[in-house]
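Structure assessment
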Amino acid sequence: MMIEKKIINDEETYFTAPGRAGGDELRLDIEIVSNNPVMTGLLTNIGGLIAILNSHRQIVSINSAFLKLLGIDDPETALGLRPGEALDCLHADDGPGGCGTGRYCSSCGAAIAIVACLEQEIPIERKCALAAQKGGEPVQLLLQVRANPIRINSKVYILLFLQDVTVQEQQAALTRTFFHDVSNMLTMLVQSGELLRMKSPSPLSEIIHQSSVRLAGEIALQKALFESGACSYVPRWAECDLGRLFAELRGFFQSHEAARDRVLRFPETLPRILLRTDGAALYRILLNMIVNALEATEEGGEVGVSLEQQPEAVVFSVWNAAVIPPEVALRIFQRSFSTKNQSGRGIGTYSMKLFGETVLGGRVFFTSREGAGTSFSFAHPLKTQEKPEKECRSIA
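Described in the following lines is the structure provided in the data block. All of these numbers come straight from a predicted model, not from anything done at the bench.

1. With respect to the overall build of the chain
From N to C terminus, the chain includes 11 helices and 14 strands. At 30 Å, the chain has a C-alpha radius of gyration far larger than the 21 Å of a compact globule built from 396 residues. A principal-axis box enclosing the C-alpha atoms of the chain has dimensions of 90 × 55 × 40 Å. Scored against the burial criterion, the 396 residues of the chain give a buried share of 42%. A fraction of 60% describes how many contacts in the chain between residues 6 or more apart in sequence connect residues 24 or more apart.

Pasting the structure below:
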(Lines give C-alpha, C1' and ligand atoms only; values in the text may rest on other atoms or scores of the structure.)
Protein backbone atom coordinates (compact mmCIF):
# COMPACT_ATOMS: atom_id res chain seq x y z
CA MET A 1 0.00 0.00 0.00
CA MET A 2 1.38 3.38 -1.01
CA ILE A 3 1.50 6.14 1.60
CA GLU A 4 0.61 9.34 -0.17
CA LYS A 5 1.57 12.89 0.63
CA LYS A 6 -0.92 15.30 2.14
CA ILE A 7 -0.96 19.07 2.65
CA ILE A 8 -0.94 20.57 6.16
CA ASN A 9 -0.65 24.34 6.50
CA ASP A 10 0.29 24.59 2.82
CA GLU A 11 3.22 22.19 3.29
CA GLU A 12 3.65 18.61 2.10
CA THR A 13 4.00 15.71 4.55
CA TYR A 14 3.40 12.00 4.78
CA PHE A 15 2.23 12.11 8.41
CA THR A 16 2.15 15.24 10.52
CA ALA A 17 2.71 18.98 10.22
CA PRO A 18 6.24 19.80 9.00
CA GLY A 19 6.31 23.38 10.28
CA ARG A 20 8.87 24.37 12.92
CA ALA A 21 9.33 27.26 15.31
CA GLY A 22 11.67 29.92 13.90
CA GLY A 23 14.54 31.61 15.67
CA ASP A 24 12.62 34.02 17.93
CA GLU A 25 9.77 31.61 18.65
CA LEU A 26 12.18 28.78 19.43
CA ARG A 27 14.28 30.99 21.72
CA LEU A 28 11.09 32.03 23.53
CA ASP A 29 10.10 28.38 24.07
CA ILE A 30 13.57 27.57 25.40
CA GLU A 31 13.46 30.57 27.74
CA ILE A 32 9.97 29.74 29.06
CA VAL A 33 10.95 26.17 29.89
CA SER A 34 14.38 27.11 31.28
CA ASN A 35 12.85 29.66 33.66
CA ASN A 36 10.17 27.29 34.92
CA PRO A 37 11.30 25.78 38.28
CA VAL A 38 9.04 22.74 37.88
CA MET A 39 10.54 21.83 34.53
CA THR A 40 14.06 22.46 35.80
CA GLY A 41 13.39 20.25 38.80
CA LEU A 42 12.06 17.42 36.65
CA LEU A 43 15.03 17.51 34.31
CA THR A 44 17.52 17.66 37.18
CA ASN A 45 16.09 15.24 39.72
CA ILE A 46 14.21 12.53 37.82
CA GLY A 47 16.25 9.69 36.37
CA GLY A 48 15.90 8.35 32.85
CA LEU A 49 15.90 9.99 29.45
CA ILE A 50 13.79 13.16 29.45
CA ALA A 51 13.24 15.89 26.88
CA ILE A 52 10.75 18.73 26.65
CA LEU A 53 9.22 19.46 23.26
CA ASN A 54 7.32 22.46 22.00
CA SER A 55 4.11 22.27 19.97
CA HIS A 56 6.21 21.81 16.79
CA ARG A 57 7.77 18.66 18.32
CA GLN A 58 11.17 20.33 18.71
CA ILE A 59 13.43 19.80 21.71
CA VAL A 60 13.54 22.91 23.90
CA SER A 61 15.18 21.31 26.93
CA ILE A 62 16.91 18.00 27.64
CA ASN A 63 18.43 16.28 30.65
CA SER A 64 22.00 15.01 31.07
CA ALA A 65 21.04 11.32 30.71
CA PHE A 66 19.54 12.02 27.29
CA LEU A 67 22.62 14.02 26.27
CA LYS A 68 24.84 11.10 27.31
CA LEU A 69 22.80 8.74 25.12
CA LEU A 70 23.21 11.13 22.20
CA GLY A 71 26.94 11.34 22.85
CA ILE A 72 27.04 15.15 23.00
CA ASP A 73 28.28 17.51 25.71
CA ASP A 74 26.64 20.77 24.67
CA PRO A 75 22.81 20.76 25.07
CA GLU A 76 22.61 23.63 22.55
CA THR A 77 23.43 21.05 19.86
CA ALA A 78 20.15 19.21 20.48
CA LEU A 79 17.87 22.23 20.91
CA GLY A 80 15.51 22.76 17.98
CA LEU A 81 15.86 19.20 16.74
CA ARG A 82 13.04 16.70 16.73
CA PRO A 83 13.51 13.43 18.67
CA GLY A 84 14.23 11.30 15.59
CA GLU A 85 16.83 13.78 14.39
CA ALA A 86 18.53 13.89 17.77
CA LEU A 87 18.54 10.08 17.97
CA ASP A 88 19.97 9.72 14.44
CA CYS A 89 16.93 7.82 13.16
CA LEU A 90 17.70 6.45 9.70
CA HIS A 91 14.36 7.81 8.42
CA ALA A 92 14.49 11.25 10.07
CA ASP A 93 15.38 12.95 6.78
CA ASP A 94 13.09 10.92 4.51
CA GLY A 95 10.17 13.32 4.69
CA PRO A 96 9.87 16.79 3.18
CA GLY A 97 9.93 18.39 6.63
CA GLY A 98 12.27 16.09 8.54
CA CYS A 99 11.31 13.95 11.53
CA GLY A 100 7.59 13.18 11.62
CA THR A 101 6.90 13.87 7.96
CA GLY A 102 8.25 10.74 6.23
CA ARG A 103 6.59 7.52 5.08
CA TYR A 104 7.92 5.58 8.06
CA CYS A 105 6.68 8.15 10.58
CA SER A 106 3.03 7.09 10.41
CA SER A 107 4.02 3.79 12.08
CA CYS A 108 6.59 5.26 14.49
CA GLY A 109 5.54 4.80 18.10
CA ALA A 110 7.28 7.96 19.25
CA ALA A 111 5.73 10.10 16.51
CA ILE A 112 2.26 8.66 17.18
CA ALA A 113 2.57 9.26 20.94
CA ILE A 114 3.74 12.86 20.49
CA VAL A 115 1.09 13.79 17.91
CA ALA A 116 -1.74 12.14 19.87
CA CYS A 117 -0.57 13.85 23.06
CA LEU A 118 -0.61 17.26 21.37
CA GLU A 119 -4.06 16.69 19.86
CA GLN A 120 -5.77 15.15 22.91
CA GLU A 121 -3.69 16.73 25.70
CA ILE A 122 -3.57 13.44 27.61
CA PRO A 123 -0.59 11.18 28.40
CA ILE A 124 0.11 8.70 25.59
CA GLU A 125 2.47 5.73 25.77
CA ARG A 126 3.82 3.69 22.85
CA LYS A 127 6.77 1.50 21.90
CA CYS A 128 9.09 2.80 19.22
CA ALA A 129 11.22 0.48 17.07
CA LEU A 130 14.10 2.77 16.19
CA ALA A 131 16.58 2.11 13.39
CA ALA A 132 19.43 4.50 14.12
CA GLN A 133 22.99 5.24 13.09
CA LYS A 134 25.56 5.09 15.91
CA GLY A 135 29.27 5.41 15.29
CA GLY A 136 28.74 4.84 11.61
CA GLU A 137 26.97 1.54 12.23
CA PRO A 138 23.22 0.83 12.04
CA VAL A 139 21.60 -0.21 15.35
CA GLN A 140 18.11 -1.43 16.19
CA LEU A 141 16.60 -0.15 19.45
CA LEU A 142 13.24 -0.54 21.11
CA LEU A 143 12.17 2.45 23.19
CA GLN A 144 9.27 2.78 25.58
CA VAL A 145 7.96 6.30 24.92
CA ARG A 146 5.63 8.29 27.15
CA ALA A 147 4.43 11.74 26.11
CA ASN A 148 2.84 13.92 28.80
CA PRO A 149 1.22 17.30 28.03
CA ILE A 150 2.16 20.29 30.19
CA ARG A 151 0.78 23.83 29.96
CA ILE A 152 3.08 26.74 30.74
CA ASN A 153 1.81 30.28 30.21
CA SER A 154 -1.12 28.90 28.20
CA LYS A 155 1.27 27.12 25.80
CA VAL A 156 1.31 23.33 25.47
CA TYR A 157 4.60 21.51 25.82
CA ILE A 158 5.37 17.80 25.93
CA LEU A 159 7.35 16.10 28.65
CA LEU A 160 8.87 13.15 26.81
CA PHE A 161 10.15 10.12 28.74
CA LEU A 162 12.20 7.47 26.90
CA GLN A 163 13.29 4.08 28.21
CA ASP A 164 15.52 1.68 26.30
CA VAL A 165 13.83 -1.72 26.61
CA THR A 166 15.76 -3.39 23.79
CA VAL A 167 17.49 -6.01 25.94
CA GLN A 168 14.36 -6.87 27.95
CA GLU A 169 12.28 -7.35 24.81
CA GLN A 170 14.97 -9.45 23.13
CA GLN A 171 15.24 -11.67 26.20
CA ALA A 172 11.47 -12.07 26.40
CA ALA A 173 11.24 -12.98 22.71
CA LEU A 174 14.09 -15.47 22.95
CA THR A 175 12.59 -17.03 26.07
CA ARG A 176 9.19 -17.45 24.45
CA THR A 177 10.81 -19.06 21.43
CA PHE A 178 12.88 -21.33 23.66
CA PHE A 179 9.87 -22.58 25.62
CA HIS A 180 7.86 -23.10 22.44
CA ASP A 181 10.56 -25.09 20.65
CA VAL A 182 11.67 -27.12 23.68
CA SER A 183 8.06 -27.96 24.58
CA ASN A 184 7.47 -29.30 21.07
CA MET A 185 10.60 -31.45 21.23
CA LEU A 186 9.71 -32.76 24.68
CA THR A 187 6.24 -33.74 23.50
CA MET A 188 7.84 -35.96 20.87
CA LEU A 189 10.30 -37.31 23.44
CA VAL A 190 7.55 -38.21 25.93
CA GLN A 191 5.50 -39.90 23.21
CA SER A 192 8.55 -41.85 22.02
CA GLY A 193 9.36 -42.88 25.58
CA GLU A 194 5.81 -44.10 26.08
CA LEU A 195 5.95 -46.09 22.84
CA LEU A 196 9.33 -47.58 23.80
CA ARG A 197 8.01 -48.63 27.21
CA MET A 198 5.01 -50.34 25.58
CA LYS A 199 6.94 -52.15 22.83
CA SER A 200 10.13 -52.98 24.75
CA PRO A 201 9.35 -52.98 28.48
CA SER A 202 12.50 -52.91 30.57
CA PRO A 203 14.01 -50.97 33.51
CA LEU A 204 15.87 -48.78 30.99
CA SER A 205 12.76 -47.93 28.95
CA GLU A 206 10.92 -47.12 32.19
CA ILE A 207 13.72 -44.77 33.25
CA ILE A 208 13.72 -43.06 29.83
CA HIS A 209 9.94 -42.58 29.95
CA GLN A 210 9.85 -41.28 33.54
CA SER A 211 12.79 -38.94 32.93
CA SER A 212 11.17 -37.46 29.82
CA VAL A 213 7.89 -36.94 31.70
CA ARG A 214 9.76 -35.29 34.59
CA LEU A 215 11.69 -33.02 32.22
CA ALA A 216 8.51 -32.02 30.35
CA GLY A 217 6.85 -31.14 33.66
CA GLU A 218 9.85 -29.11 34.80
CA ILE A 219 9.89 -27.09 31.57
CA ALA A 220 6.16 -26.39 31.95
CA LEU A 221 6.72 -25.21 35.54
CA GLN A 222 9.57 -22.92 34.50
CA LYS A 223 7.43 -21.46 31.72
CA ALA A 224 4.67 -20.67 34.22
CA LEU A 225 7.20 -18.97 36.51
CA PHE A 226 8.52 -16.91 33.61
CA GLU A 227 4.97 -15.77 32.86
CA SER A 228 4.49 -14.76 36.53
CA GLY A 229 1.60 -17.09 37.19
CA ALA A 230 0.35 -20.65 37.05
CA CYS A 231 -2.48 -20.25 34.55
CA SER A 232 -0.38 -21.52 31.65
CA TYR A 233 0.51 -24.69 33.54
CA VAL A 234 -1.66 -27.73 32.75
CA PRO A 235 -1.38 -30.26 35.60
CA ARG A 236 -0.92 -33.95 34.85
CA TRP A 237 -3.05 -35.59 37.55
CA ALA A 238 -2.04 -39.14 38.50
CA GLU A 239 -1.56 -41.41 41.50
CA CYS A 240 1.81 -40.61 43.08
CA ASP A 241 4.19 -43.27 44.42
CA LEU A 242 5.64 -41.48 47.46
CA GLY A 243 8.40 -44.05 47.77
CA ARG A 244 9.59 -43.33 44.23
CA LEU A 245 9.23 -39.57 44.82
CA PHE A 246 11.51 -39.64 47.88
CA ALA A 247 13.94 -41.98 46.09
CA GLU A 248 14.26 -39.40 43.29
CA LEU A 249 14.88 -36.64 45.81
CA ARG A 250 17.53 -38.71 47.60
CA GLY A 251 19.28 -39.34 44.31
CA PHE A 252 19.12 -35.69 43.33
CA PHE A 253 20.77 -34.48 46.55
CA GLN A 254 23.52 -37.10 46.66
CA SER A 255 25.66 -34.86 44.45
CA HIS A 256 24.02 -31.47 45.04
CA GLU A 257 26.34 -28.65 46.06
CA ALA A 258 23.98 -27.45 48.81
CA ALA A 259 24.04 -30.89 50.50
CA ARG A 260 27.84 -31.08 50.74
CA ASP A 261 29.06 -31.59 54.35
CA ARG A 262 25.48 -31.60 55.61
CA VAL A 263 23.22 -34.39 56.79
CA LEU A 264 19.92 -34.80 54.92
CA ARG A 265 17.48 -37.22 56.54
CA PHE A 266 14.38 -38.65 54.84
CA PRO A 267 11.64 -40.64 56.58
CA GLU A 268 12.59 -44.30 57.00
CA THR A 269 9.01 -45.54 56.54
CA LEU A 270 6.12 -44.05 54.61
CA PRO A 271 2.37 -44.49 55.14
CA ARG A 272 0.48 -46.29 52.40
CA ILE A 273 -1.22 -43.39 50.71
CA LEU A 274 -2.66 -43.09 47.23
CA LEU A 275 -2.05 -39.41 46.64
CA ARG A 276 -3.53 -38.01 43.44
CA THR A 277 -1.36 -35.08 42.44
CA ASP A 278 0.75 -33.50 39.75
CA GLY A 279 4.11 -35.18 40.24
CA ALA A 280 6.19 -32.43 38.63
CA ALA A 281 4.67 -29.68 40.79
CA LEU A 282 4.96 -31.70 44.01
CA TYR A 283 8.56 -32.63 43.22
CA ARG A 284 9.45 -28.99 42.55
CA ILE A 285 7.85 -27.81 45.81
CA LEU A 286 9.74 -30.37 47.92
CA LEU A 287 12.96 -29.73 46.00
CA ASN A 288 12.78 -26.01 46.76
CA MET A 289 11.98 -26.64 50.42
CA ILE A 290 15.01 -28.91 50.79
CA VAL A 291 17.40 -26.63 48.87
CA ASN A 292 16.38 -23.62 50.98
CA ALA A 293 16.84 -25.59 54.20
CA LEU A 294 20.28 -26.85 53.14
CA GLU A 295 21.42 -23.37 52.12
CA ALA A 296 20.37 -22.06 55.55
CA THR A 297 22.26 -24.84 57.36
CA GLU A 298 25.90 -24.59 58.41
CA GLU A 299 28.42 -27.29 57.48
CA GLY A 300 27.93 -30.33 59.67
CA GLY A 301 24.30 -29.37 60.32
CA GLU A 302 21.21 -31.45 59.67
CA VAL A 303 18.08 -31.07 57.56
CA GLY A 304 15.13 -33.36 58.14
CA VAL A 305 12.34 -34.27 55.72
CA SER A 306 9.15 -35.68 57.21
CA LEU A 307 5.66 -36.70 56.19
CA GLU A 308 2.48 -36.81 58.29
CA GLN A 309 -0.90 -38.17 57.30
CA GLN A 310 -3.83 -36.15 58.60
CA PRO A 311 -7.56 -36.80 58.12
CA GLU A 312 -7.84 -34.52 55.08
CA ALA A 313 -4.26 -33.89 53.99
CA VAL A 314 -0.76 -35.23 53.71
CA VAL A 315 1.72 -32.77 55.25
CA PHE A 316 5.26 -32.69 53.86
CA SER A 317 7.72 -30.80 56.09
CA VAL A 318 11.38 -29.83 55.85
CA TRP A 319 13.19 -28.71 59.01
CA ASN A 320 16.49 -27.01 59.77
CA ALA A 321 17.93 -25.45 62.91
CA ALA A 322 18.30 -21.88 61.60
CA VAL A 323 15.81 -19.17 62.55
CA ILE A 324 14.30 -16.67 60.10
CA PRO A 325 14.45 -13.05 61.37
CA PRO A 326 10.97 -11.50 61.84
CA GLU A 327 11.55 -8.80 59.21
CA VAL A 328 12.48 -11.46 56.65
CA ALA A 329 9.60 -13.75 57.64
CA LEU A 330 7.08 -11.07 56.63
CA ARG A 331 8.23 -11.21 53.01
CA ILE A 332 9.31 -14.84 52.68
CA PHE A 333 6.83 -15.72 49.91
CA GLN A 334 7.21 -12.49 47.95
CA ARG A 335 8.55 -12.93 44.43
CA SER A 336 12.16 -11.73 43.93
CA PHE A 337 12.66 -11.06 47.65
CA SER A 338 15.89 -12.62 48.85
CA THR A 339 18.45 -12.07 51.57
CA LYS A 340 21.17 -13.10 49.11
CA ASN A 341 22.83 -10.54 46.85
CA GLN A 342 23.03 -12.64 43.69
CA SER A 343 20.65 -11.78 40.87
CA GLY A 344 18.01 -14.32 39.97
CA ARG A 345 17.18 -15.21 43.56
CA GLY A 346 13.82 -15.02 45.37
CA ILE A 347 11.91 -17.54 43.22
CA GLY A 348 12.08 -20.68 45.38
CA THR A 349 9.67 -19.85 48.18
CA TYR A 350 7.43 -17.91 45.79
CA SER A 351 7.11 -20.94 43.51
CA MET A 352 6.32 -23.22 46.48
CA LYS A 353 3.28 -21.17 47.32
CA LEU A 354 2.31 -20.54 43.71
CA PHE A 355 2.21 -24.19 42.67
CA GLY A 356 1.31 -25.64 46.06
CA GLU A 357 -1.78 -23.50 46.47
CA THR A 358 -2.79 -22.36 42.98
CA VAL A 359 -2.17 -25.63 41.13
CA LEU A 360 -2.43 -28.35 43.78
CA GLY A 361 -4.99 -26.65 46.02
CA GLY A 362 -3.03 -27.17 49.24
CA ARG A 363 -1.49 -24.84 51.79
CA VAL A 364 2.16 -23.80 52.10
CA PHE A 365 3.29 -22.33 55.42
CA PHE A 366 6.23 -22.20 57.83
CA THR A 367 7.11 -21.81 61.50
CA SER A 368 10.35 -20.36 62.81
CA ARG A 369 11.38 -19.66 66.39
CA GLU A 370 14.43 -19.76 68.63
CA GLY A 371 15.16 -23.18 70.05
CA ALA A 372 12.89 -24.95 67.57
CA GLY A 373 14.39 -23.94 64.23
CA THR A 374 12.48 -23.45 60.98
CA SER A 375 10.04 -25.83 59.34
CA PHE A 376 8.44 -25.29 55.93
CA SER A 377 5.35 -27.39 55.30
CA PHE A 378 3.05 -28.22 52.43
CA ALA A 379 -0.35 -29.65 53.28
CA HIS A 380 -1.52 -31.54 50.20
CA PRO A 381 -5.25 -32.38 50.25
CA LEU A 382 -6.10 -36.09 50.09
CA LYS A 383 -9.02 -35.27 47.84
CA THR A 384 -7.89 -32.91 45.12
CA GLN A 385 -10.25 -30.63 43.24
CA GLU A 386 -9.05 -30.34 39.68
CA LYS A 387 -9.89 -26.73 38.86
CA PRO A 388 -10.95 -25.74 35.36
CA GLU A 389 -8.48 -23.53 33.56
CA LYS A 390 -10.70 -20.43 33.76
CA GLU A 391 -10.55 -20.54 37.58
CA CYS A 392 -6.77 -20.44 37.61
CA ARG A 393 -5.32 -17.51 39.52
CA SER A 394 -1.97 -16.26 40.68
CA ILE A 395 -0.85 -15.33 44.19
CA ALA A 396 -0.19 -11.90 45.58
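After that view of the structure, there is still more to cover.
2. What about the side chain of serine 205?
Positionally, serine 205 belongs in helix α7 (residues 203-226). For serine 205, a relative accessible area of 3% gives the class buried. Looking at serine 205, its side chain comes within polar contact range of the main-chain oxygen of serine 202, at 2.9 Å. Other than its neighbours up to four places away in sequence, serine 205 contacts Leu196, Arg197 and Ser200.

3. So, the sheet that holds strand β13 (residues 363-369)
Across the sheet, which stays open at both edges, the 5 strands sit in the order β9-β11-β12-β14-β13 with mixed pairing between neighbours. Of all strands in the sheet, those bounded by a partner on one side alone are β9 (263-265) and β13. Shown here is a sheet whose adjacent strand axes are inclined to one another by a mean of 15 degrees, direction ignored. Sheet analysis places strand β12 (residues 313-320) next to strand β14 (residues 373-381), joined by 8 bridges and oriented antiparallel. Bridge assignment links valine 315 to a residue of β14, and that residue is alanine 379. Of the strands in this sheet, β9, β11 (302-309), β12, β13 and β14 are in contact with helix α9 (residues 279-295), which crosses β12 at around 20 degrees. Contacts between helix α11 (residues 348-359) and the sheet are confined to β13 and β14, with β13 contributing the most and set at about 140 degrees to the helix.

4. With respect to the packing of aromatic side chains
According to the stated counting rule, one finds 6 aromatic pairs in the structure shown. Ring geometry for phenylalanine 246 against phenylalanine 266: centres 5.9 Å apart, planes inclined by 70 degrees, an arrangement best described as edge-to-face. Residue phenylalanine 246 is found in helix α8 (residues 242-253), and its partner phenylalanine 266 is found in the loop between β9 and β10 (275-278); the two are separated by 20 residues along the sequence. Of the two residues examined, phenylalanine 246 and phenylalanine 266, each falls in the buried class. With centroids separated by 6.2 Å and ring planes inclined at 90 degrees, the aromatic side chains of phenylalanine 333 and phenylalanine 376 adopt a geometry described as edge-to-face. Here phenylalanine 333, found in the loop between α10 (326-329) and α11, pairs with phenylalanine 376, found in strand β14; they are 43 residues apart in sequence, far enough to count as distant. Each member of the pair, phenylalanine 333 together with phenylalanine 376, is buried. The structure contains a cluster of three or more aromatic residues connected by ring pairs, namely Phe246, Phe266 and Phe316. Above the face of the phenylalanine 333 ring, lysine 353 is positioned so that its terminal group lies 4.7 Å from the ring centre. Taking NZ or CZ as reference, arginine 363 lies 4.0 Å from the ring centre of phenylalanine 365, over its face.

5. Some thoughts on the side chain of threonine 277
In this structure, threonine 277 sits in strand β10. On the accessibility criterion, threonine 277 (1% relative accessible area) is buried. For threonine 277, the side chain forms a polar contact with the side chain of histidine 380, separated by 2.8 Å. Residues contacting threonine 277, with those up to four places away along its chain left out, are Arg236, Trp237, Ala238, Cys240, Leu282, Leu360 and His380.

6. Describing the sheet that holds strand β7 (residues 155-164)
Read from one edge of the open sheet, 5 strands run β4-β3-β7-β6-β5, paired in antiparallel fashion. With partners counted over all chains shown, the strands left at the sheet margins are β4 (59-62) and β5 (124-134), one partner each. Taken over all neighbouring pairs, the strand axes of this sheet differ in orientation by 30 degrees on average, direction set aside. Across 5 bridges, the pairing between strand β3 (residues 49-53) and β7 is antiparallel. Opposite alanine 51, over in β7, you have leucine 160 as the bridge partner. Packing against the sheet, helix α5 (residues 109-120) makes contact with β3, β5, β6 (137-152) and β7, and its axis sits at approximately 140 degrees to β5.

Rules used in this analysis
- Within every chain, residues take consecutive numbers counted from 1 along the sequence as written.
- Per-residue local features are limited, in this predicted model, to residues with pLDDT of at least 70; the limit for side-chain atom pairs, both in listing and counting, is 80 or more; totals at the level of whole chains, interfaces and linings are taken over all residues.
- To get the side-chain values, all heavy atoms of the structure are used, and hydrogens and water are removed first.
- In this description a helix means any DSSP run of H or I spanning at least four residues, a strand means any run of E spanning at least two, and both kinds are numbered starting from the N terminus.
- With C-alpha atoms as the basis for the radius of gyration, the globule rule is written as 2.2 Å multiplied by the number of residues raised to the power 0.38.
- The buried label goes to any residue with under 20% of its type's maximum accessible area, the exposed label to any with over 50%, and the partly exposed label to all in between, with areas taken from a 1.4 Å probe on protein chains only.
- Whether two residues are in contact is decided by their heavy atoms: any pair within 4.5 Å suffices.
- Counting of polar contacts relies on pairs of N or O atoms within 3.5 Å, with two restrictions inside protein: one atom must be capable of donating a hydrogen and the other of accepting it, and residues adjacent in sequence are counted only when both atoms are side-chain atoms.
- If DSSP finds at least two bridges between two strands, the strands pair.
- Throughout, an axis means a line fitted to C-alpha atoms (over the contacting stretch in the case of helices), and angles, computed between N-to-C directions, take values from 0 to 180 degrees.
- When two rings of Phe, Tyr or Trp (its six-membered ring) have centres within 6.5 Å they constitute a pair, described as stacked for plane angles under 30 degrees, edge-to-face for angles over 60, and tilted for the intermediate range.
- A ring is considered to have a charge above it if a Lys NZ or an Arg CZ atom is located within 6 Å of its centre and within 35 degrees of its normal.

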